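Reading the structure
So you can see what is in the structure, the chains are spelled out below.
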Number of protein chains: 2
Amino acid sequence: MITVLRLGHRPARDKRVTTHVALTARAFGADAILVSTKDLALERSVRDVVRRFGGDFRIQTGVPWRRIVREWTGSKVHLTMYGEPVEKVAPQVRSDNLLIVVGAEKVPREMFDLVDWNVAIGHQPHSEVAALAVFLDRLSGGTAVHREFSGPLRIRPSPRGKVVLESEP
Amino acid sequence: MITVLRLGHRPARDKRVTTHVALTARAFGADAILVSTKDLALERSVRDVVRRFGGDFRIQTGVPWRRIVREWTGSKVHLTMYGEPVEKVAPQVRSDNLLIVVGAEKVPREMFDLVDWNVAIGHQPHSEVAALAVFLDRLSGGTAVHREFSGPLRIRPSPRGKVVLESEP
């Protein structure tokens with residue numbers, strides 16, 4: 001059970017990036033995303049993907065993030081370029097009840113102390129989408145992207161072009 | 001030598017996501033990004049990161065993408081959820097003169113035929129930022145994020161908090 005917590009989402013400015021964070025969470029094996037700011041349009045667009053492509057990925061927005069992090073009983077990881085190398089931390093992280101925190105531009109200083117590990121995917125500025133994808137890919141030993149979603153729409157891998165299989169409803 | 005080609009960038013709508021694509025390209029070992037649409041603000045913000053964090057990553061916007069892809073003499077990969085699994089393709093790709101194409105929402109159909117490989121990082125909808133990061137991470141066997149940039153600003157890995165080293169100019 002893996003949950004992603006997205007902090008600092010501003011609906012107008014971050015709509016697309018937070019959507020990418022949510023879909024990346026789902027595609028790389030997380031079970032849910034919590035977003036600190038309320039954003040019903042974001043919820044709708046993520047649920048629309050779940051409805052079409054399957055699985056039971058959940059999204060909730062407008063959550064009390066401090067309380068969630070403080071009261072989390074499993075492992076807590078914060079992805080930040082300031083943290084320790086992923087190679088060092090990943091082998092110690094258990095994914096059975098894992099909270100992964102990703103911020104937008106500024107993350108409150110206290111987050112660095114609220115989590116068990118601050119983890120860096122490289123120490124250069126890049127993207128919380130990239131950090132989340134690579135962290136989940138590494139954590140799963142590369143197997144996360146093979147999860148079967150069995151949704152109404154499925155892609156058949158193809159060397160050229162788009163093959164979409166659509167099940168009867 | 002790895003170059004990323006970003007298609008379908010709309011400056012207002014995609015500013016943040018394309019910035020994430022560019023910074024991810026840089027942080028995961030690419031040498032340059034080409035963006036189909038002219039966007040001077042995007043160029044400035046990427047060059048600002050390069051100036052502060054080092055390296056010689058290049059950005060060019062407003063490029064003739066069809067001609068670039070057609071005339072590319074090295075390998076050409078298009079990242080798309082419709083493509084073949086990354087596990088199958090990555091071992092065949094040479095990174096010495098590689099062009100990696102990532103789209104925004106819609107990629108012209110002809111792209112699927114212009115490249116050598118259409119490659120999927122999983123067959124679920126997620127993010128071109130995630131796809132690019134994981135592809136470069138896998139292609140480099142996990143070493144891409146260890147590249148040294150030796151810029152004026154460097155991060156020292158830390159279990160708690162932010163440690164930034166600033167060199168004398």
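Residues numbered from 1 in each chain as written. Chains lettered and ligands numbered in written order. Predicted model: local features only at pLDDT ≥ 70, side-chain atom pairs only at ≥ 80, totals over all residues.

Per-residue confidence for chain A gives a mean pLDDT of 96, with 99% of residues at or over 70. Under the prediction, the complex receives an ipTM of 0.97, its pTM being 0.97. (pLDDT = per-residue confidence, 0-100.)

Moving on, we get to the interface of chain A and chain B. Between chain A and chain B, the residue contacts involve 40 residues of the former and 40 residues of the latter. Of all the secondary structure elements, the ones that give two or more residues to the side of chain A that touches chain B are helix H1 (11-27), helix H2 (40-53), strand E4 (76-85), helix H5 (111-114), strand E6 (117-120) and helix H6 (128-139) of chain A. The dominant element in the side of chain A that touches chain B, judged by the number of residues it contributes, is H1 of chain A, at 7 residues. Among the residues making up the side of chain A that touches chain B, the classes are represented as 22 nonpolar, 11 polar and 7 charged. (Contact = placed C-beta atoms within 7 Å. Helix = DSSP H or I, 4+ residues; strand = E, 2+ residues; numbered from the N terminus. Nonpolar A, V, L, I, M, F, W, Y, C, P; charged D, E, K, R; others polar.)

Our next topic: the sheet that holds strand E3 (residues 58-61) of chain A. Residues and elements named next belong to chain A. Reading across the sheet, the 6 strands line up as E3-E2-E1-E5-E4-E6 and stay open at both edges, with parallel pairing between neighbours. In this open sheet, the two edge strands, each paired with only one partner strand, are E3 and E6. Adjacent strand axes in the sheet meet at a mean angle of 30°, parallel and antiparallel pairs treated alike. Judged from the 5 bridges that link them, E4 and E6 form a sheet pairing that is parallel. (Pairing = 2+ DSSP bridges. Axes fitted to C-alpha atoms, helices over the stretch in contact; angles between N-to-C directions.)

To continue, consider the packing of H1 of chain A against H6 of chain A. Residue and element names in this part refer to chain A. Between H1 and H6, whose axes approach to 9 Å, the crossing angle comes to 5°. On the basis of the axis angle, H1 is roughly parallel to H6. The residues of H6 that touch H1, namely those facing Val17, His20, Val21, Thr24 and Ala25, are Glu128, Val129, Leu132 and Ala133. Taken together, the residues of the contact of H1 with H6 break down into 6 nonpolar, 2 polar and 1 charged. (Parallel < 35°, antiparallel > 145°, perpendicular 65-115°, else oblique.)

All names here are of chain A. Phi is positive for Ser150, close to 50°, though the residue is something other than glycine. Relative to the elements of secondary structure, Ser150 occurs in the loop between H6 and strand E7 (153-155). Residue classification places Ser150 among the exposed positions, given that 10 C-beta atoms sit within 10 Å. (Buried ≥ 20, exposed ≤ 12 C-beta atoms within 10 Å, placed from the backbone.)

Residues and elements named next belong to chain B. Taking strand neighbours across the sheet as the criterion, the 6 strands line up as E3-E2-E1-E5-E4-E6 in an open arrangement whose pairing is parallel. Since the sheet does not close on itself, it has two edges, and those belong to strand E3 (58-61) and strand E6 (117-120), each with one partner. The sheet shows a mean angle of 30° between the axes of neighbouring strands, taken without regard to direction. Docked against the sheet, helix H1 (residues 11-27) engages strand E1 (2-6), strand E2 (32-35), E3 and strand E5 (98-102), running at close to 175° with respect to E1.

With that settled, the discussion passes to the environment of Gly151 of chain A. Residues and elements named next belong to chain A. Checked against the element boundaries, Gly151 lands in the loop between H6 and E7. Using a count of 16 C-beta atoms within 10 Å as the deciding quantity, one classes Gly151 as partly exposed. Note: C-alpha distance between Gly151 and Pro91 (60 residues apart in sequence) is 32 Å.

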